[in-house]
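Descriptive structure summary
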Amino acid sequence: MITEIAPAPERAAPAPARPRRGRRAWDEVPRWRIYLPLSVYLLFTLVPFYWILLFALRPAGSTSLVPWPMTFDHFRKVWTERSFGTYFANSVYVGLATLVLTTLVALAGGYALARFDFRLKRGFMLALLCSQFVPGALLLVPLFQIFAKLSMINSLGSVVLAETVFQLPLSMILISGFIRNVPYSLEEAAWVDGCDRLTAFRIVVLPLLRPGLIAVGSFAFVHAWNHFLFALMFLSDQSKQTIPVGLNTLMSADSVDLGALAAGGIVAAVPVVIVFAFIQKWLITGFGAGAVKG
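Residues numbered from 1 in each chain as written. Predicted model: local features only at pLDDT ≥ 70, side-chain atom pairs only at ≥ 80, totals over all residues. Heavy atoms only, no water.

Section: the overall build of the protein
Cut-off, in case you're wondering: We count a stretch as a helix when DSSP gives it H or I for four or more residues in a row; a strand needs E for two or more, and each element gets its number in order from the N terminus. Only protein chains enter the area calculation, which uses a 1.4 Å probe; residues under 20% of their type maximum are buried, those over 50% are exposed, and those in between are partly exposed. Note on contacts: a residue pair qualifies if any of its non-hydrogen atoms lie within 4.5 Å across the two residues. With residues, only the protein chains shown are counted as cover, and all accessible areas are computed by Shrake-Rupley using a 1.4 Å probe.
What the protein contains, in helices and strands, is 12 helices and zero strands. Walking the protein from its N terminus toward its C terminus, one meets helices and strands in the order α-α-α-α-α-α-α-α-α-α-α-α. Counting across all 294 residues of the protein, residues that qualify as buried make up 33%. Put simply, of all contacts in the protein between residues at least 6 apart along the chain, 72% involve residues at least 24 apart. Of the accessible surface of the protein, which amounts to about 19,400 Å², a share of 68% is contributed by carbon and sulfur atoms.

Points about the packing of helix α4 (residues 121–130) against helix α6 (residues 156–180)
For clarity, the cut-off: Between the N-to-C directions of two axes lies an angle of 0 to 180 degrees, each axis being a line fitted to C-alpha atoms and, for a helix, fitted only over the stretch in contact. Note on terminology: angles under 35 degrees are roughly parallel, angles over 145 are roughly antiparallel, angles of 65 to 115 are roughly perpendicular, and the others are oblique. Handedness of a crossing is defined here by the sense of rotation of the near helix relative to the far one, left-handed for an anticlockwise turn of less than a right angle and right-handed for a clockwise turn.
Running from N to C, α4 and α6 point in directions that differ by 130°, and their axes come no closer than 8 Å. Classified by the interaxial angle, the pair formed by α4 and α6 is oblique. For the element pair α4 and α6, the recorded crossing hand is left-handed. Residues Phe124, Met125, Leu128 and Leu129 of α4 lie in contact with α6, whose contacting residues are Pro169, Met172, Ile173, Ser176 and Arg180.

Here's the deal with the confidence of the model for the protein
Here is the rule we go by: The pLDDT value expresses, per residue, how confident the predictor is, ranging between 0 and 100.
When pLDDT is averaged across the protein, the result is 81; 86% of the residues are at 70 or more. Segment residues 1–8 is flagged for pLDDT under 50; beyond a separation of four residues in sequence, or across chains, it makes zero contacts in the model. Long-range and interchain partners of residues 290–294, a stretch whose pLDDT sits below 50, account for six contacts in this model, where long-range means more than four residues apart.

Side note on the nonpolar core
The nonpolar side chains of a soluble globular protein tend to be buried with one another. Put simply, the test is: We define a nonpolar core as any set of buried Ala, Val, Leu, Ile, Met, Phe, Trp, Tyr and Cys residues linked to one another through side-chain atoms lying within 4.5 Å.
If you look at the biggest cluster of nonpolar residues, it comprises 19 residues, and the most contacted ones within it are Phe75, Phe84 and Ile243. Those elements that place two or more of their residues in this core are α1 (31–57), α2 (73–81), α3 (84–115), α9 (210–226), α11 (243–249) and α12 (258–290). With seven residues, the top contributor of residues to this core is α12. Sequence-distant contacts of isoleucine 243, that is, excluding residues within four places in its chain, are made with Phe84, Tyr87, Phe88, Ser91, Trp225, Val267 and Ala268.

Concerning the layout of surface pockets
For clarity, the cut-off: The pocket and cavity definitions rest on a 1 Å grid over protein atoms only: a 1.4 Å probe that fits but cannot leave marks a cavity, an open set with protein on both sides within 12 Å along at least five of seven lines marks a pocket, and residues lining either have an atom within 4 Å of a point. Grid points are joined across faces, edges and corners, and a volume is the space filled by probe spheres set on the points. Side-chain classes follow a simple rule in which Ala, Val, Leu, Ile, Met, Phe, Trp, Tyr, Cys and Pro form the nonpolar group, Asp, Glu, Lys and Arg form the charged group, and the remainder, Gly included, forms the polar group.
In this structure, the second largest pocket occupies an estimated 200 Å³ of space. Residue lining of the second largest pocket: Phe49, Ile52, Leu53, Leu261, Ala262, Gly265, Ile266, Ala269, Val270, Val273 and Ile274, and that is the complete set. The greatest single-element share of the lining of the second largest pocket, amounting to eight residues, is contributed by α12. Residues belonging to the lining of the second largest pocket are distributed by class as follows: 10 nonpolar, one polar and no charged.

Observations regarding the pattern of salt bridges
Operational definition: Each salt bridge in this description consists of a side-chain nitrogen of Lys or Arg and a carboxyl oxygen of Asp or Glu lying within 4 Å of one another.
The full count for this structure, using the stated rule, is three salt bridges. Where arginine 115 meets glutamate 187, a salt bridge forms, and the shortest distance between an N and an O atom there is 2.6 Å. Note that arginine 115 is positioned in helix α3 and glutamate 187 in helix α7 (residues 184–192), a separation of 72 residues in sequence. Each member of the pair, arginine 115 as well as glutamate 187, carries the same accessibility label: buried.

Quick notes on the packing of aromatic side chains
Two measures describe an aromatic ring pair: the distance that separates the ring centres and the angle between the ring planes. Under the convention used in this document: Geometry of aromatic contacts follows a simple scheme: Phe, Tyr and Trp rings, the Trp one being its six-membered ring, pair when their centres are within 6.5 Å, and the pair is stacked under 30 degrees between planes, edge-to-face over 60, tilted otherwise. Only lysine NZ and arginine CZ atoms are considered, and such an atom sits over a ring when it is within 6 Å of the ring centre and within 35 degrees of the ring normal.
Scanning the model with the defined rule gives 13 aromatic pairs in all. Considering the side-chain rings of phenylalanine 84 and tyrosine 87, the 5.5 Å spacing of their centres and the 70° angle between planes classify their relative orientation as edge-to-face. Residue phenylalanine 84 and its partner tyrosine 87 are both found in helix α3; the two are separated by three residues, about one turn of the helix. Overall, the relative accessible area of 1% leaves tyrosine 87 in the buried class. Members of the aromatic cluster, connected to one another through ring pairs, are Phe144, Phe147, Phe166, Phe230 and Phe234. One cation-aromatic arrangement involves arginine 58 over phenylalanine 55; the distance from NZ or CZ to the ring centre is 4.6 Å.

Section: the packing of α6 against α9
With their axes 10 Å apart at the nearest point, α6 and α9 run at an angle of 165° to one another. Classified by the angle between their axes, α6 and α9 sit roughly antiparallel to one another. For the pair α6 and α9, the sense of crossing is right-handed. Of the residues in α9, those touching α6 at Glu163, Phe166, Gln167, Ser171, Leu174, Ile175 and Phe178 are Gly212, Leu213, Val216, Phe219, Ala220, His223 and Ala224. Residues that form the contact of α6 with α9 fall into these classes: nine nonpolar, four polar and one charged.

Listed below in structure tokens is the structure:
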């Protein structure tokens, strides 16, 4: 017996919504209220950079507010006479070595924190978090004693290890958050297909962690590039100094070479700006992935 289904009664059309009163919509805000604060902030940010460029490009003794005639004597001075070429190479080595070592160790530790349960896991995570409240100056004495016993004082390797120790806790926490956002079922599917845990991680999980690894690695590189304290304390030979220590040598108790100091600051800042310009897309994606709880 076939029963005919009666058509559902037509519903009355909803009453038109009343216009909301109160605060105006974002699109109705006058544009000047948006652009004026942004312009003030942009001016506040760019004026110091222009001032650095002015001192670096105008001749010594000039008081002009425009770098004309333009000169590159200050750059030649810091690169050749002040050994900034050597400082630059040392900073590149320290930054890249810290990036690789921090990323590899944090990747292994972050995977363990994300995929395994063990005793005192919460306490270990809390200890990692609390270690970020410890200033780097408190690590100088124990690290110096350790490196002295290992005969690593006045070696770039000591700075790399110190920077890695300082960066590891936060990097491990961030990478564990990225790994938690990767569904565990993807690894299980790879195991069913015959992969072991390491192969499944390399083929399935690691490609999905690219934005997070770039974010963590970039911050490790920038911190190692700009950090002054460890290089100052662990390196005594001038041929092994890094750029932050080299900038400090341009200032003395009697005088400061402003032109050379500005040129050295630009040499130190340009590589970091270029790196962030190329990885900004991955950096934003990585932070977005780390901000979502899986």
